[in-house]
Structure formats: structure tokens, C-alpha cells
Amino acid sequence: MFALPVVSCLILILSATPDMSAALKNVTGLKKRFYTIIAGRWNGSKKQWLVLQAAIGSLGGIYFLMLPFVQFLIATDLGMSFIAGWKDSIFPAIYTLMGFQTSLAIILIILFIYKRWGGYGNFIGDSPFWSASKILLGLSLLWAYHTFAFFITFWYGRMEVEINIIKYLYSDVYFWVFLLNALGSFIIPVGLLVWNPVRRSAWGAPLAGVFVLFGALMWNIRHFVGAFNAGVEQIYEISITVVPEAVMPDIWDIFMVVGIIGIAALVYLLSLKMFPIMNVWEIKEGAMYQKMGRFIKGNYLVLAKPE
Amino acid sequence: MAIKTVLGLFQDANQAADAGDALKESGVSEKDVDFLTDCPYPEGAFGEREEPIRLFLFPFIGGLLGFVGGLMITSMTQMAYPLITGGKPILSLPPMAVVMYEGTMLGAILFTVIGVIFESRLPHKMTEAYDERVSQGYIGVLVTSNDDNSQQVNDILSNAGAVDTKIA
Amino acid sequence: MQEGRVLPPAQINKDLLTSILTTPKWYWPAVGVCSFIVLIASIVVGYMINKGLGITGLNRPVMWGFFITNFVFWIGISHAGVMLSAILRLAKAEWRRPASRAAEVLTIFSLMTAMTMPIIHTGRPWRILYWVFPYDFARGIFPNIRSPLVWDPSAILTYLTSSVLFVFIALIPDFGILRDNTTGIRKKVYTMLAMGWQGNVRQWKLQIVAGVLLSALILPVFVSVHSIVSWDFGMAVSVKAWHSTIFAPYFVVGAVHSGVSAVVFVLILLRWAYGWQDYIRKEHVEALCRLLIVVATGWFYYFCMEIIFGIYGREADEIAIRTLQFATYPWNIIMIIFIVTTYFLPICLWSRKIWRRNLYLVSAACISVNIGMWLERYILFIPGQINKQVFTFTWASYTPSVFEGIIVLGTFALVTLFLLLFSKVMPLIPLYDIKEGDILKTEIQVGRRTVPATFRED
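Throughout, a residue's number is its position along its own chain's written sequence, starting from 1. To read the labels, note that chains go from A and ligands from 1, taken in the order they are written. Given that this is a predicted model, residues contribute local features only at a pLDDT of at least 70 and side-chain atom pairs are listed and counted only at 80 or more, while totals for whole chains, interfaces and linings are drawn from all residues. In computing side-chain properties, one takes all heavy atoms of the structure into account and sets aside hydrogens as well as water.

### Looking at the overall build of chain B
Turning to step 1, where the next piece is worked out: Along the backbone of chain B there are four helices and four strands.
Turning to step 2, where the next piece is worked out: Along chain B, from the amino end to the carboxyl end, the secondary structure elements read β-α-β-α-α-β-α-β.
Turning to step 3, where the next piece is worked out: In terms of overall dimensions, chain B is more spread out than a globule: its C-alpha atoms have a radius of gyration of 25 Å, far above the 15 Å expected for 168 residues.
Turning to step 4, where the next piece is worked out: With respect to the three principal axes, the spread of C-alpha positions in chain B is 80 × 35 × 25 Å.
Turning to step 5, where the next piece is worked out: In this analysis, two residues are considered to be in contact whenever any of their non-hydrogen atoms come within 4.5 Å of each other. At a minimum sequence separation of 6, the contacts of chain B that also span at least 24 residues come to 78%.
Turning to step 6, where the next piece is worked out: Accessibility throughout is a Shrake-Rupley quantity obtained with a 1.4 Å probe, and a residue counts as covered only by protein chains that appear here. When the accessible surface of chain B is summed, it comes to about 7900 Å², and 61% of that surface belongs to carbon and sulfur atoms.
Turning to step 7, where the next piece is worked out: For chain B, the separation between the mean place of its 10 positive charges and that of its 21 negative charges on side chains is 9 Å. In this text, helices come from DSSP runs of H or I with a minimum length of four residues, and strands from runs of E with a minimum of two, each type numbered from the N-terminal end. We take the radius of gyration over the C-alpha atoms and set the globule estimate at 2.2 Å times the residue count to the 0.38 power. Note on charges: Lys and Arg go in the positive column, Asp and Glu in the negative column, and His and the chain ends are not counted at all. In this description, the location of a charge corresponds to atom NZ of lysine, CZ of arginine, CG of aspartate or CD of glutamate.

Take a look at the structure:
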């Protein structure tokens, strides 16, 4: 779990290196010192670009391979292990999937904010939202698919422990939380993103993203609050025989959730003072490989693939 | 007045598009001009009119019918043969959802295919002018006209660079 | 894409219709061999129906053996069609063009072959009719829609119907070309099938929209089919090692892995058999191998999850199955072969670009995947049943008989025969797809380098 933030920081710093080098002349103080340490020797030579791209690719691959393992650890250690008899092989996969879904949702929301209010309207067109909305739609459908796969497998056999878990996390105790989760993670995003005009717009996917984030919060509350409060008495049993009671949040819980979201937003905003929101070099590279071209009587996008 | 179709065959797509412009300038309506190709060209490549299609209605209707069909099969058979299996309720929603989902998708796909064939105006008896060289890569400019205008259209196409023309 | 040269449409017609308009020397001997094997297998099936399922190795408690393993295997192969055709079409990947038709057709024939397995497995196949018609043949008993065995035919028939219609719609323009390039009775048949196709703007627009719409509709069906097949096993609580929530996505990803590998192998064979080096290029095979690396890794993740959670609960009977699978001869040998052939060997062979472009190595990797995936189903289904219930009168576990082996071999021959017969009447590479790719090709100048590019409508 420690390795994951380290790798992601490395990816962040490496990908920002060319832009830090470009900004060296215009910064002072601590930022100048930081930029000099990271990017002082960057001169944009062919070798440096090749090494940079190879490094980002390799680190990205490593990150991607580590991520499901970390999600598996959190899901089993902090979730499944607290409810006696909850043996669910798809739970880590759903948790990983939700990780992808929510991270895409946050990115889309941030892009929209910067496009609309951040002055980046000329650099963020509608096409990122059009492309990403298809992925968000797919991930939302996959959420429903994985959740149904879990549900029907547990529902079918009528085993006491499995029915108790369904009653606890889905149909009885946390039913309303599950309903909010389903609305946020699946019903509303799919209902929005199934329409082409909504997907083509800049606001459609971010709006779906807001619901996805809310749905994910409900999912985490349902599973992890449910797991932590499943009852100390039953934790050493083979399986739960009594469906635990729900635990309602008090004011301090709500403050903590709001506070954590606030801290995350604060850290993100502070980091934007150090790192550019978009990689300038990637924007320039993308612009090299696309243009509008004339084909007989029509004008169409020409997209090149350099490799 | 009999309806006639005039086909001009072009080897070059730009010439075919210019022929389309020449026809429009001579007063031929856009909806009377069509371009025949052996592969799809990007929409608007020949400067042609946009074709409105209503294909999206078909999967909705088909899906709805399939959903209702699936619901009927699952619920009516379960109620007609009320045998409890494995402790599950007589009307079990999760298994019903599986069959209803398949019914919905089957209905949507069947109706989409019907819609494609219908909207493509197929099956179609080929009474218009046609040339097999269209499938060899030639671009056909097909014009619907009447007896009086067909020769004029034929001349426009020939002047625009058609390698061959046909009237049917 | 980068390596292709733009060929004149007439040349494309000639090259890609060669399988229909001409007959290579190897064709009829290949059909003959496949037909012979299918005939032998059919005779064995007839013998089995006459004598009963006792001639197979099936006996309590192992009621599902080679036939069901083979059934799941062929359902798995069928998933390549939608993966390559639908998903890559929606992703606008140019390199899907030569692969899509062969993949879709392999889907149809794999599904048809897979369906024969449960039918002959019934022992008295004509009794399926009691299932099909909503009539009370059996005095108050009707197919139980709560059973995954009933979800199966609904899913498979939906997928089969959808795939056939998908291929048919995409074949209409090619029927038009065949109508224009044939004579006699063939021309009459293709004229009827083309239904008056002209290739006008409206018809092409509908083809494109239909391609995208049908792809989007068939994708959920593709996911559901193998999930439902997996639930034949996942719903069972009495057989340990089966009752796992991960079965649905695990089977689907495994199906994509085996299916796409099979399609890559078929493409390499077609390239060699018909001389389609200009159409099925090494860059296509390389792109498919890179896709397979991702799919294989996803499959390996689900496989690890399935094993880990099998032993997570520390239940004695579950541990017993895993001990059988991993530590008892001959299952441990089968397990090692399966893991190596399904993941590690192919990943090694696909890891370097130079190896991905070596068609012999890629073929070996793809065959290895399919051997491994067949063994995967075998090792998943049999050990659980062996340990399901130990009857005092159960003296032996499952040993497949030679009859089962012949029938399984017959299914491979049947799919090959179907593909050969299809190639004689319909093109295995969609002509208009290739031509469209050619007309959209262009270039962008970046400094002194000319970078290949494509026109995109959106």
C-alpha cells in the first residue's frame, strides 16, 4: 500500500518534468528550488524524451498491476474479514472497478470545472467528455453486472450465512443505503449517458460523475461501516447467524466524512500550485498529430498514429 | 411522364462530387441525386444532403416487446406450475431478471435488424440504372429524372467526366 | 495502418473473393478429412444414443465430464466475435478490419457446435422437445426458469440469433459485390441475398449506424452468455470449488482469452491458405497479441481471486478440493500444464515485439492458450464432482472413454468444416471494410517525417 502512492508520485513528478523545466525562468523561491532539483537538467533531448516516455509507460504498468492487489487487501482485510462467513471472491473486483469508476468521475468533474470556470476552455474541448463518457457508461454497466453476479450467487443457494449477508448489506438493514448506491453508481449515470446528446456535451459525463461519487460513498458506507459494526460477538463464529443492526452516523461521523473530502480537495488544490493541471508537452504533442483535412467535399478530423 | 434514372460512372471521387454540384446548379433537386459506391464514404464527402434516419426507434420498441415477452414467459409459467424449488419463492425476481434481460436484448436486436432492412428500403427490385463496375470501385452518380430531362442530365454527367452513362 | 499498401478496389475484390471464385488444391482434401472425422463422431453419437451414456466414463458422482467441458470451451471460443468486431468497432480501432468477419463467423459456428454438447448429453435428445414447447407433457412439471440450465438456452439462442443477424447485415454489401462478380445460378442466389443492394448514401449510412448500434446491443448479450454458463456451476452449493461469486467475470474474461487466441490462429491460417498477406498483416497480429496480453493478465487476476477465496474460508471440504487440484497426481500435473500454457508461456511469447511478429511463435502461443483453457474447464469441473459425495458404492472416479474423445475431436472437425464451407460461399474478410480503411488513409507531415493518419468523421 505504501508502494502505490510512491509510484503515483513518481509518475506525477516525471510527467511534470518537461513543464517544470519550461517554467524555471518564471518561478522564484521554493518553487524555483524544487523545479531546479527535479528538472534542472532537462533540455528536451531525444534521449531524454525516449527515457521519459519509457519510464512513464513502465511505471504506469507497475501501478496498474499493483492497484488490484491493494484493492484486494483493503477489501478483504477491512471488509470481508469482519463479517463471519462472508466469502465473496468478486468483492475485491467490484472494489477495484469502483476505484476506476470514481477516479474517472473525479477527473471529468475537474476537467469540467477547469473548462467552465478555470479559463481552460480553449484547451479542453468536448471530445474528452465524449470519449470518456463511453468508458464511464461501460464501468457503470460493469458495476451493475458484478453486483448482480454477487447477488444472484448468494441468493440462489439459500445458505443461511449468504442470505444473512444479503439481508444485512442489501435488502433489509442497509436497504436504503443500497438503493442510494444503486441510483448513484448505476441507474442515474446509465440513464444519463445512454443518450448521445448528453455524452457529446461537456456537462453530461461530469454530471453522471457527481452521481457516481455519491453512489460510491454509499457503497463504501454500506460495506465498510457494515463490516466494522457486524458485531464483535459473531466475529469468531464460522458464519453470522443473526443479522446485525444498522449503525446510524452521528454528527462527528458526518464531520469526519466532510473533513476527509475537504482535506483531499485541499491537498489537490495545493498541489496544483506546484504541478500544472495539464501536461503542456502532451497537449503540444497531441496537436502535432491531428488537424482538419479536406476529403472530397467535406472537412474531417485527420488523426495520426506515430507508432 | 415516365420516371427515368440516369447513371454516370466516375473513376475519380472528386469528379463525381463535381458532377453532383453541376447537377445542382442546373436545377436538379438534391433528393433526386444519389451516389453509389462500393464502400462507405464519410457523410457529406460528396456534398450530398444529410439522410435522416429513424433507426433508434426500432431497438426501443423491440426491447419493450422483448421485456414484456420475457416477463410473461417467466411469470406465467411460474404461476401456472407453482412448484417450490430449492426454497425459492414461486415468483423469483433474480432468475426472472435474467430471462427478461435476454428477452429484452433479443427483441431490441431483432427489431434493429428489421429496422435496418426497412430503412435501407430493402428488399428492393433493381429497376434503376445500375452498373456492375460500381463494385469495382467506380462511383455511380444516379439521377432520377423524367423523359424530358434525362438527356440533359446525361449530357451534364458526360461533361463532368463520366466514363460511361446509362439510362433506365 | 502503417504497413498496408492501398490496393485498387478491383484487386481487393479479386483477392478477397478468391476463396469463393477459385478452389485451392488443399481445399477438397481438407473438407474430406473434416467430413470423415465428423462422420465418425456422428456414428459414435448414434452408438451412444443407442447404448446409453454408460459407454462414456460418466458415473456417480461425476455426471459432467468431457461433454460439458467441451460445451463451455466452445461457448468460450464464441466470445471472440463480439470482442473483436463489436468492442473494437466501438473503440474505432482500425486494425479490427480484416479480423471482424472471421471472428463473427467463428462465433456462430462455435455456438452451434457448443449447443450439440448438452443435446447429446441428455442421452435421449428428442426429449428436449418437452422443454421447448410450453405444453404440459409431464403432468404438472414445466421447465423451471429458476434454474441456470434454463437461463442457458435463452442466453445462447439470443447470442446465436444476434450473431447471425449481425453477420447477415454486414454481409449484404458483400452479397452485392458477389452478385456483380458471378454468373449463372450463383448470381441468382447472391442477387436474392443482396435484396437489391445498390450502395447508395442512405444504405451505407445505415450500415455504419447499424454496425455501431448492433455492436452496442450485442455487447451486453456477450457478457451475459458466458456469465449464465458459469452460473450452471456457480449456483451449485453442493459441489465445492464451484460456488464462487467470481465465476461470471472469470468465465467471460477466460472466454475472451481463448476466443481471441483462436481467432488469431485462424487469421494466420487464412493468411497462409489464401495468400492474404496484404490484408492480414503482421501489424494486425501484433496488435491482437498486445490485446491478448491485457486480457490474459485480467484472466490471471480473476483466476488468482478464485483460488484465494477458495481457500479463504478454510472449509475442510473446499481445502480438500484444492489439495486434489494442486497436490494430487494427476491433477497437479494438469494444473501445472494448464497455468503454464494458459498464461506464462503465451505471455513470454508475446512479450517482445519481434516475437509477436513471428507468426509461428504466435500460432504456438495461441494453440497453447486453447489447450490450457480446455484443461482449465476440465480441472474446474471434475475434481469438485469427484469429492462431492463419497458413496460407499463409488469405486472409481472419472476416466474419460475413447468415445468421448472421438466426439470432442469431432467438434473441432465440425467447426473447421463449417468454416471451410462458409469460405466457399461468403467472404471471410469484409470487402467494404478493407476498402473503407483504404479510402480513409492519409498522412500528416511532422518535420521530415510522414506519419500515417486516418480521416475520422467524429
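### Structural notes on the overall build of chain C
Turning to step 1, where the next piece is worked out: The helix and strand tally for chain C stands at 18 helices and two strands.
Turning to step 2, where the next piece is worked out: Here the C-alpha radius of gyration of chain C, 23 Å, is about what a compact globule of 458 residues would show, namely 23 Å.
Turning to step 3, where the next piece is worked out: Counting only C-alpha atoms and orienting by the principal axes, one finds that chain C spans roughly 75 × 55 × 40 Å.
Turning to step 4, where the next piece is worked out: Buried positions account for 61% of the 458 residues belonging to chain C.
Turning to step 5, where the next piece is worked out: In chain C, the proportion of contacts linking residues at least 24 apart, taken out of those at least 6 apart, comes to 79%.
Turning to step 6, where the next piece is worked out: Summed over all atoms, the accessible surface of chain C reaches about 17700 Å², with 68% contributed by carbon and sulfur.
Turning to step 7, where the next piece is worked out: Both charge centroids of chain C, one from 39 positive and one from 24 negative side chains, sit 5 Å from each other. Buried, partly exposed and exposed residues are distinguished by accessible area as a fraction of the type maximum, computed with a 1.4 Å probe on protein chains only: under 20%, between the cut-offs, and over 50%, respectively.

### A short note on the sheet that holds strand E1 (residues 3-10) of chain B
Residues and elements named next belong to chain B.
Turning to step 1, where the next piece is worked out: Taken together, four strands build an open sheet; the order of strands is E2-E3-E1-E4 and the sheet is antiparallel. Unpaired on one side and paired on the other, strand E2 (33-36) and strand E4 (164-167) mark the two borders of the sheet. For this sheet the average axis-to-axis angle between neighbouring strands, irrespective of direction, equals 20°.
Turning to step 2, where the next piece is worked out: With respect to the sheet, helix H1 (residues 13-25) is in contact with E1, E2 and strand E3 (139-146), its orientation differing from that of E3 by roughly 20°. Here a strand pair is declared whenever DSSP counts at least two bridges between the two strands. To get an axis, a line is fitted to the C-alpha atoms, and for a helix only the part in contact is used. The angle between two axes follows their N-to-C directions and goes from 0 to 180 degrees.

### Observations regarding the packing of H1(B) against helix H4 (residues 147-159) of chain B
All names here are of chain B.
Turning to step 1, where the next piece is worked out: Running from amino to carboxyl end, H1 crosses H4 at an angle of 140°, the nearest separation of the two axes being 9 Å. Two packed elements cross with a definite hand, and for H1 against H4 that hand is right-handed. Every residue of H4 that contacts H1 at Ala19, Ala22 and Leu23 is listed here: Val153, Ile156 and Leu157.
Turning to step 2, where the next piece is worked out: Its residues placed into classes, the contact of H1 with H4 shows six nonpolar, no polar and no charged. The crossing is said to be left-handed when, going from far helix to near helix, the turn is anticlockwise and less than a right angle, and right-handed when the turn is clockwise. Polarity classes work like this: nonpolar for Ala, Val, Leu, Ile, Met, Phe, Trp, Tyr, Cys and Pro, charged for Asp, Glu, Lys and Arg, and polar for all others, with Gly in that last group.

### What to know about the confidence of the model for chain C
Turning to step 1, where the next piece is worked out: Confidence of the predictor in every single residue is expressed as pLDDT, which spans 0 to 100. Taken as a whole, chain C shows an average pLDDT of 91; of its residues, 96% reach a score of 70 or greater.
Turning to step 2, where the next piece is worked out: The complex model carries a pTM of 0.93, and its ipTM stands at 0.93.

### Re the domain arrangement of chain B
Turning to step 1, where the next piece is worked out: The domain limits used here are those given by an automatic or database domain assignment. The domain boundaries assigned to chain B delineate domain 1 (3-53 + 125-167) and domain 2 (57-119).
Turning to step 2, where the next piece is worked out: The distance between the C-alpha centroids of domain 1 of chain B and domain 2 of chain B comes to 46 Å.

### Focus on H4(B)
Each turn of an α-helix holds 3.6 residues, which means side chains three or four residues apart point in the same direction.
Residues and elements named next belong to chain B.
Turning to step 1, where the next piece is worked out: Within the span of H4, buried status applies to Ser150, Val153, Asn154, Ile156 and Leu157. For H4, the angular spread of the buried residues around the axis is 165°, confining them to a single face. Facing away from the buried side of H4 by more than 90 degrees, the exposed set consists of Asp148 and Asn159.
Turning to step 2, where the next piece is worked out: Downstream of H4 by one or two residues, glycine 161 has phi in the positive range, about 110°. This arc corresponds to the set of directions leading from the helix axis out to the C-beta atoms.

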